[in-house]
Amino acid sequence: FNWDTLYHSLETHAEMTDFGREILPSLVEENKKVRAFVHQGYWEDIGTIRTFFDAHIAMAGQSPPLDLYQPHSPVFTRHQYLPPAKIGLCTLHHALVSDGS
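Residues numbered from 1 in each chain as written. Predicted model: local features only at pLDDT ≥ 70, side-chain atom pairs only at ≥ 80, totals over all residues. Heavy atoms only, no water.

As a working rule, side chains carrying opposite charge can pair if their charged atoms are close by. Across all of its chains, the model carries one salt bridge by this definition. In this structure, Asp54 and Arg50 form a salt bridge, with 3.1 Å as the shortest nitrogen-oxygen distance. You can see Asp54 and its partner Arg50 sitting in helix α3 (residues 49-59), four residues apart, about one turn around the helix. Judged by relative accessible area, Arg50 falls into the exposed class, the value being 55%. (Salt bridge = Lys/Arg side-chain N within 4 Å of Asp/Glu carboxyl O. Helix = DSSP H or I, 4+ residues; strand = E, 2+ residues; numbered from the N terminus. Buried < 20%, exposed > 50% of the residue type's maximum accessible area, 1.4 Å probe, protein only.)

Now for helix α1 (residues 3-12). Those residues of α1 lying buried are Thr5, Leu6 and Ser9. Down the axis of α1, the smallest arc covering the buried residues is 95°, so these residues share one side. For α1, exposure combined with an orientation more than 90 degrees from the buried face picks out Trp3, Asp4 and Glu11. Where α1 is buried, its residues contact α2 (19-29). (Arc of directions from axis to C-beta. Contact = heavy atoms within 4.5 Å.)

Under the counting rule described, the total for this entry stands at one aromatic pair. Aromatic pair Trp3 and Tyr7: ring centres 5.1 Å apart, planes at 15°, arrangement stacked. One end of the pair is Trp3 and the other is Tyr7, both in helix α1 and four residues apart, which spans about a single turn. Owing to a relative accessible area of 60%, Trp3 belongs among the exposed residues under this scheme. Using a relative accessible area of 44% as the deciding quantity, one classes Tyr7 as partly exposed. (Phe/Tyr/Trp six-rings, centres within 6.5 Å; stacked < 30°, edge-to-face > 60°.)

In structure tokens, the structure reads:
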């Protein structure tokens, strides 16, 4: 679907908040063109605060579910001019620290 279709769907169904359970099925029911891509890599549904938190904690672990440092599949981020994180009087274990952390 395109931007106009998504915008119309969100305007029409403002109460819907979950893409996989509500928004995409409603587009299919309305006979909109919806396409899928079968992804074979890491995927985590972060639809709740808890799952969002758990995904971040997992990424900082000893064996994260997604290796961000593979030379054959680099992960690029957009540079942001944010103030640095203040880190003092502490010990970091299994931490990822980046711009604006």
